[in-house]
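A closer look at the structure
Here's the letter readout for the chains.
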Amino acid sequence: MRRKDREVTEIKELIQIIDQCKVCRIGMQDNAGLYIVPMNFGYTYESNQLVLFFHSAKDGRKVRALKENSDVCFEMDCEHRLITGDIACQYSYSFKSIIGNGKAVFIDDVEEKKTALSALMKHQTGKDFSFDDKMVDSVLVFKIIADEFTGKYHP
């Protein structure tokens, strides 16, 4: 990271940023080239391991790309605010962000899918939901196991 003065290193602060973000952009590559998609997500952070959860349709470019190559990068950001000035060069932008990489893993186990979907809904809504087998069967669920991630802020 070029601007070390803006780096977020404390895990508690990193998790606070993740808590505020509701959209995660996933970058991947397939035979057609690079591909990025914004997605709602949920997560867990246990034993120093960040795991992001997503759901989607069962087919499409994203699913095919992840099946071809499970290596991904991800980005999320929040607390956006324009910083104004008297001249153009004084303008800036305030934000907090998380950037990382990892591996996408499809979840087939019904109970694990229910747990992942519950984490996603809890993160997005703050509410607890339960899912029956039919609901779980109607979507594809995958997780990204983060190899590493960093945080940055511009106050």
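Residues numbered from 1 in each chain as written. Predicted model: local features only at pLDDT ≥ 70, side-chain atom pairs only at ≥ 80, totals over all residues. Heavy atoms only, no water.

Going by the annotation in an unreviewed UniProt entry, the name recorded for the protein is Pyridoxamine 5'-phosphate oxidase, with Acetivibrio straminisolvens JCM 21531 given as the source organism.

**Examining the overall build of the protein**
When helices and strands are counted, the protein shows four helices and eight strands. Overall, the protein shows an N-to-C arrangement of helices and strands of β-α-β-β-β-β-α-β-β-α-α-β. Among the 155 residues that make up the protein, the fraction classed as buried is 37%. When the accessible surface of the protein is split by element, carbon and sulfur atoms take 50% of a total near 9200 Å². If you average the places of the 22 positive and of the 24 negative side-chain charges in the protein, the two averages end up 4 Å apart. (Helix = DSSP H or I, 4+ residues; strand = E, 2+ residues; numbered from the N terminus. Buried < 20%, exposed > 50% of the residue type's maximum accessible area, 1.4 Å probe, protein only. Areas by Shrake-Rupley, 256 points an atom, 1.4 Å probe, with all protein chains shown as cover. Lys, Arg positive; Asp, Glu negative; His and termini not counted. Charge placed at Lys NZ, Arg CZ, Asp CG, Glu CD.)

**Digging into the pattern of salt bridges**
Scanning all chains against the criterion turns up 11 salt bridges. We note a salt bridge from Asp128 to Lys122, for which the minimum N-O separation is 3.3 Å. Owing to a relative accessible area of 65%, Asp128 belongs among the exposed residues under this scheme. (Salt bridge = Lys/Arg side-chain N within 4 Å of Asp/Glu carboxyl O.)

**Structural notes on the packing of aromatic side chains**
A full pass over the atoms with the stated rule returns four aromatic pairs. Ring geometry for Phe41 versus Phe54: centroids 6.5 Å apart, planes at 40°, classification tilted. Taken together, the positions of Phe41 in the loop between strand E3 (33–40) and strand E4 (42–46) and Phe54 in strand E5 (residues 49–56) put the pair 13 residues apart, joining distant regions of the chain. Judged by relative accessible area, Phe41 falls into the buried class, the value being 0%. With relative accessibility at 0%, the residue Phe54 sits in the buried group. Centroid distance Phe54 to Phe142: 5.1 Å. Interplanar angle 20°. Geometry classified as stacked. Highlighted residues: Phe54 in strand E5 and Phe142 in strand E8 (residues 140–154), separated in sequence by 88 residues. Overall, the relative accessible area of 1% leaves Phe142 in the buried class. Ring pairs connect the aromatic residues Phe41, Phe54, Phe106 and Phe142, which therefore count as one cluster. (Phe/Tyr/Trp six-rings, centres within 6.5 Å; stacked < 30°, edge-to-face > 60°.)

**Here's the deal with the nonpolar core**
Counting 30 residues, the largest nonpolar core has Leu52 and Phe74 as its most contacted members. Of all the secondary structure elements, the ones that give two or more residues to this core are helix H1 (11–20), strand E2 (23–30), E3, E5, helix H2 (61–68), strand E6 (71–83), strand E7 (92–107) and E8. The dominant element in this core, judged by the number of residues it contributes, is E8, at five residues. Beyond its immediate chain neighbours, meaning those up to four positions away, Phe74 contacts Cys24, Arg25, Leu50, Leu52, Ile98, Ile99, Gly100, Asn101, Ile144, Ala146, Glu148 and Phe149. With 10 residues, the next largest nonpolar core counts Val51, Ala116, Ala119 and Val141 among its residues. (Core = buried A, V, L, I, M, F, W, Y, C linked by side-chain atoms within 4.5 Å. Contact = heavy atoms within 4.5 Å.)

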